[in-house]
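Each chain, letter by letter, is given below.
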Amino acid sequence: MERRELADFLRRVRERLSPQDVALATGPRRRTPGLRREEVSQLAGMSADYYMRLEQARSTQPSTQLLASLARALRLTEDERDHLYLLAGHRPPAGRQAGSHVRPGLLYLLDQLDHTPAHILSDLGDLLAQNRMAEALFGCVCTVKEPDRNIVLRWFTDPVVREAYPAEERDHYSRVHVADLRAAVGRRKNDPVAAALVERLRAASEEFAALWELHEVAVRRGSRMRIIHPSLGPIEFDCETLLTPTEDQHLVVFTPPPGSGGTDYLELLRVLGPEHLHAAPTSP
């Protein structure tokens, strides 16, 4: 907890508000700008003494419930609310999710990566978009029903998907998928969409159900992987995962490791295009 920074931040945002901003009567002439401390404590439903100690940097750590009340009382933006939580030593609450809607700017960026396979995933593994190079590498999902365009679901229910990966590495990818999904479900807390996906996977795959019981958690950020292309054979990639500001959408980019000669494979992949890949979608 950063008491001095928290105290300064609370005082600054209090002083910039007027009674009219929070639907309070102006009352007698004010000597200082902004709201009074007593008014903020009243709006937040807390004691005036505790709020005064917060601004004087001599309070105990406030609870997340109290911080939420203060954020509402002080009319904080989402970014300011997150800053308040961090100063008080708490993790900010989850923000609004982007869901399945991909921003046009992100889609434009995806299309500009015409020499590198890339796709956009939700944090639960839903495949939201892919560029032409990703289609050439993994196959197009255009023939797959939208509710089934989930890479974890396909990994555990479609044997064809695993054929694009070396047999000795498939158990590893199974654990990676489950651990990453467990982390996403934990971030979403009581999200019904996440719960429904987990229940569907548990019912469809004994392997998933057994791995889920291990309660392994690991966010997938970057890794090295091998993909077996039906025409080009094994291709090695560095897999980089970039988060959007909402963190529930990931731009995943597949690049050749330095010095691996993978650039030549990518150029051949670009020439072949998705029309030469007849296997089912295999995106990991």
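What counts and how
Residue positions within a chain follow its written sequence, with the count starting from 1. Thresholds applied to this predicted model are a pLDDT of at least 70 for local features of residues and 80 or more for the giving and counting of side-chain atom pairs; totals over whole chains, interfaces and linings are not thresholded and use all residues. Remark: hydrogens and water are excluded; side-chain values derive from all non-hydrogen atoms of the structure. The rule for pairing is simple: two strands pair if DSSP sees at least two bridges between them. By the criteria applied, helices consist of DSSP H or I runs no shorter than four residues and strands consist of E runs no shorter than two, each listed in order from the N terminus. Lines fitted to the C-alpha atoms define the axes, with helices restricted to the stretch that makes contact. Angles between their N-to-C directions range from 0 to 180 degrees. Here, residues are in contact when the closest pair of their heavy atoms is within 4.5 Å. The salt bridge definition used is simple: a Lys or Arg side-chain nitrogen within 4 Å of an Asp or Glu carboxyl oxygen. For every residue, the accessible area (1.4 Å probe, protein chains only) is compared with the maximum for its type, and the residue is labelled buried under 20%, exposed over 50%, or partly exposed between those bounds. Confidence of the predictor in every single residue is expressed as pLDDT, which spans 0 to 100.

The subject of this paragraph is the pairing of strand E3 (residues 222-229). Here eight bridges tie E3 to strand E4 (residues 233-243), and the two strands are oriented antiparallel to one another. By the bridge assignment, His229 is partnered in E4 with Gly233. Taken together, E3 and the strand that follows it, E4, pair antiparallel across an intervening segment of three residues.

So, on to the sheet that holds E4. What the five strands build is an open sheet, ordered E2-E1-E5-E4-E3; its pairing is antiparallel. In this open sheet, the two edge strands, each paired with only one partner strand, are strand E2 (127-130) and E3. In this sheet, neighbouring strand axes are inclined to one another by 30° on average, regardless of whether the strands run parallel or antiparallel. Of the strands in this sheet, strand E1 (118-122), E2 and strand E5 (249-255) touch helix H6 (residues 104-112), which is tilted by about 150° from E1.

Moving on to the pattern of salt bridges. Tallying each qualifying case throughout the model produces 20 salt bridges. A salt bridge links Glu80 to Arg16, with the shortest nitrogen-to-oxygen separation between them at 2.9 Å. Here Glu80 is found in helix H5 (residues 78-87), whereas its partner Arg16 is found in helix H1 (residues 3-16), with 64 residues between them in sequence. For Glu80, a relative accessible area of 17% translates into the label buried. Judged by its relative accessible area of 44%, Arg16 is partly exposed. Between Asp82 and Arg81 there is a salt bridge, and its shortest N-O distance comes to 2.8 Å. Here the residues in one salt-bridge network are Asp8, Arg11 and Arg12, joined through shared partners.

What follows is about the side chain of Arg162. Tracing the chain through its elements places Arg162 in helix H9 (residues 159-162). Each residue touching Arg162, except ones within four places of it in the same chain, is listed here: Trp155, Phe156, Arg170, Ser174 and Glu207.

A separate point is the confidence of the model for the chain. Here the chain averages 87 in pLDDT, and 91% of its residues register 70 or above. The element-level mean pLDDT for the chain is lowest in helix H13 (residues 262-272), coming to 82, with helix H12 (residues 206-213) highest at 97.

A few words on unusual backbone geometry. Although it is not a glycine, Lys189 sits at a positive phi angle of roughly 60°. Inspection of the secondary structure assignment puts Lys189 in the loop between helix H10 (170-188) and helix H11 (192-204). Backbone geometry places His215, a non-glycine residue, at a positive phi of 55°. Mapped onto the fold, His215 is located in the loop between H12 and E3.

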